[in-house]
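Chain and residue survey
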Amino acid sequence: MERDSVYIACIAREKEGPYYSDSTYTMLVTLDGRLLIHAKDMSLSIRQLNPQIYAVILSGLGASADDLARLGSADPAVAGQALVGIFAKLSAEEPDGAFSFGGSQSGIPATSGHAAVYYSSESTSPIILLAGFDLSEVYLIDFDEENLDYGNPSIQAKAVVDRESLKMFVMEATGYIRQALETGDPAAQSEARLVMHNPNGPWKHGSIYLYIYDSVNEQTVFNGGFSDRFEFLNAGISRDAATGELVWDLVQEAEAGTRLTIISLRQSQ
């Protein structure tokens, strides 16, 4: 994740800070409509906005009716062309604007809020910042509607039974995460986080899950078991269930100075 996004996430999650008060908080959304940061509940931060909600937000930012109509096309080429047009507008103008959704017969309740766009040199795509919108799960699409790339690890979380299999699992995860990072695309990185959260996928099984710590920004950027409790908060890293020692203290003794340390935990306190 880009350093500016990490900084924004940390500030946004401070409940006693200037950007968080009850139902008023900030969220970051990638261009494809996926939540990058949800300051109130990080367990939702990897999910996809309902297309009806996202279209209203884009409309408030000045996206044309033609582009919005084509964005919902079943033809990937047509939808992709629309996204290119929206990308160009948001990147060049960095607009902001209010949005309002009147509700739908499908059960999505009415809502409103304000959106703004920023585009930094560290990002390959504009980021949409939302506020004034108390975003709950009802405004997101279901997990089973996601079309995700889970990779093809030779060893899955459910196959971890000893130290050697755990090492192999972490190495597979490192390759998967590196591939997502090398795209430079926040949407791809956010999708990787979603994949690692799915208990029915290859990267999580019971108490076996992945934990990612960014040693440059000194922040937990992902926790497959307790994302809302640990991600982008100064609450420290979890303790080893057997020894009681901080996991990060143990990792520092073993890691070789890489920026992102990927850990597989059996238990978190």
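Quantities reported herein were computed from a predicted structural model and do not represent experimental measurements. Residue numbers restart at each chain and count upward from 1, following the sequence in its written direction. Per-residue local features are limited, in this predicted model, to residues with pLDDT of at least 70; the limit for side-chain atom pairs, both in listing and counting, is 80 or more; totals at the level of whole chains, interfaces and linings are taken over all residues. Hydrogens and water are ignored here; the side-chain numbers use all heavy atoms of the structure.

**Observations regarding the pairing of strand 1 (residues 26–29)**
- With a 1.4 Å probe rolled over the protein chains alone, any residue whose accessible area is under 20% of its type maximum counts as buried; one over 50% counts as exposed, and the rest are partly exposed. Helix and strand labels come from DSSP, where a helix needs a run of H or I of at least four residues and a strand needs a run of E of at least two; each type is numbered from the N terminus. Every second residue of strand 1 is oriented toward a common face, with Thr26 and Leu28 on one face and Met27 and Val29 on the other, all of them buried.
- Two strands pair when backbone bridges link them, and strand 1 and strand 5 (residues 127–131) are joined in this way by four bridges, in the antiparallel orientation. Bridged to Thr26 within strand 5 is Ala131.
- Two strands make a pair as long as DSSP finds a minimum of two bridges between them. Here three bridges tie strand 1 to strand 2 (residues 35–38), and the two strands are oriented antiparallel to one another. Within strand 2, the position partnered with Met27 by the bridge is His38.
- Between the end of strand 1 and the start of strand 2, which pair antiparallel, lie five residues, with Gly33 showing a positive phi angle near 85°.

**A look at the environment of Tyr176**
- Its place among the elements puts Tyr176 in helix 5 (residues 163–182).
- Sequence separation between Tyr176 and Pro153 is 23 residues; the distance between their C-alpha atoms is 8.3 Å.
- We call two residues in contact when some of their heavy atoms are within 4.5 Å. If sequence neighbours within four positions are ignored, Tyr176 has contacts with Asp149, Tyr150, Gly151, Ala192, Val195 and Trp203.

**Overview of unusual backbone geometry**
- Phi at Glu94 is positive, roughly 45°, even though this residue is not glycine.
- Inspection of the secondary structure puts Glu94 in the loop between helix 4 (76–93) and strand 3 (96–101).
- Accessibility expressed as a relative area gives 37% for Glu94, which makes it partly exposed.

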